[in-house]
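# A closer look at the structure
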Amino acid sequence: MKAAHYLNIIADQLHPCTAFVFPTGNGILQQGNATCHKDQIVLEWFEEHTDEFHLMSWPPNSPDLNPMEHIWDVMERQLRAQTPPCPNISTLRDRCLYIWYNLSAVMYQKLVVFMPSRVAAILKAKGGETRY
C-alpha cells in the first residue's frame, strides 16, 4: 500500500472513529512495521494530531506480540486448504466468515495463557528473536 493511500484511510476513517471512541484524546494506535506506516507524510500527520491520540512506539523488526496475527495465520491456512479456490469475493467472504465463527475456543485460550511467557521471552531477548 502506498503511504498516501494509507494516510487517506487514517485521516478519513480511523481519525473520526478514534475521536468518537476516545473524545478525551487518550486513544493509542499501534501500527505494524509496513513501509507505509513509517513514511514521512504519515509520521508528520501523526505529529500534527498528537493531542487527539497517541501513536505507540513500535521498534522495527520487533517480535509480534499481537495474538490476532496468529489467528489470521490459522484462518489463512484453513482458507488455502479449501478446494476449489474461491471463484469470487462473495464466496471468499462466506468462507472467511465460516472459518472465523468455527475457530476453536481452545486456540484463543492458548493465546491468552502463553502471552506472559511470550512477553518474558521478548524481555529476556531484549526485543530480539524468540522461539515464538
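In this report, we go over the structure that sits alongside the text. Keep in mind that what you see is a predicted model, and the values were worked out from it rather than measured.

About the cut-offs
Residues numbered from 1 in each chain as written. Predicted model: local features only at pLDDT ≥ 70, side-chain atom pairs only at ≥ 80, totals over all residues. Heavy atoms only, no water. Helix = DSSP H or I, 4+ residues; strand = E, 2+ residues; numbered from the N terminus. Rg over C-alpha atoms; globule rule 2.2 N^0.38 Å. Buried < 20%, exposed > 50% of the residue type's maximum accessible area, 1.4 Å probe, protein only. Contact = heavy atoms within 4.5 Å. Lys, Arg positive; Asp, Glu negative; His and termini not counted. Charge placed at Lys NZ, Arg CZ, Asp CG, Glu CD. Expected span 1.5 Å × (residues − 1). Polar contact = N/O pair within 3.5 Å; in protein donor to acceptor, adjacent residues only side chain to side chain. Axes fitted to C-alpha atoms, helices over the stretch in contact; angles between N-to-C directions. Parallel < 35°, antiparallel > 145°, perpendicular 65-115°, else oblique. Left-handed = near helix turned anticlockwise from the far one by under 90°. Nonpolar A, V, L, I, M, F, W, Y, C, P; charged D, E, K, R; others polar. Salt bridge = Lys/Arg side-chain N within 4 Å of Asp/Glu carboxyl O.

Looking only at helices and strands, the protein features 5 helices and 2 strands. Mapped from its N terminus to its C terminus, the protein presents α and β elements in the order α-β-α-β-α-α-α. Compactness check: the protein gives a C-alpha radius of gyration of 18 Å against a globular reference of 14 Å for 132 residues, more than 25% above the reference. Across its three principal directions, the C-alpha atoms of the protein cover 45 × 45 × 25 Å. Counting only residues that meet the buried cut, the protein has 23% of its 132 residues in that class. Taking the intrachain contacts of the protein between residues at least 6 apart in sequence as the baseline, contacts between residues at least 24 apart amount to 67%. Placing the 11 positive and 13 negative side-chain charges of the protein at their respective mean positions leaves the two points 16 Å apart.

For an α-helix, 3.6 residues make a turn, and residues three or four places apart therefore share a direction. Between its terminal C-alpha atoms helix α4 (residues 89–101) stretches 18 Å, which fits the 18 Å expected from 13 residues at 1.5 Å a residue. The N-terminus of α4 is capped by Asn88, whose side-chain oxygen sits 3.1 Å from the backbone nitrogen of Ser90.

The subject of this paragraph is the packing of helix α3 (residues 67–81) against α4. Taken N-terminus to C-terminus, the directions of α3 and α4 make an angle of 125°; their axes are 10 Å apart at the nearest point. As judged from the angle between their axes, α3 and α4 are oblique. The two elements α3 and α4 cross, and the hand of that crossing is right-handed. For the pair formed by α3 and α4, the contact residues are Met68, Ile71, Trp72, Met75, Gln78 and Leu79 on the first element and Leu92, Arg95, Cys96, Ile99 and Trp100 on the second. A class-by-class count of the residues in the contact of α3 with α4 yields 9 nonpolar, 1 polar and 1 charged.

This next bit is on the pattern of salt bridges. Enumeration over the complete set of coordinates arrives at 3 salt bridges. The shortest N-O distance in the salt bridge between Asp73 and Arg77 comes to 3.0 Å. Taken together, the positions of Asp73 and Arg77, both in helix α3 and 4 residues apart, correspond to about one turn of that helix. By relative accessible area, Asp73 is classed as partly exposed at 33%. One salt bridge in this structure joins Arg80 and Glu76, with 2.8 Å as the shortest N-O distance. With Arg80 and Glu76 both in helix α3, this residue pair falls 4 residues apart, about one helical turn. Residue classification places Arg80 among the exposed positions, given a relative accessible area of 65%.

Scope: geometric values only; no functional claims are made or implied.
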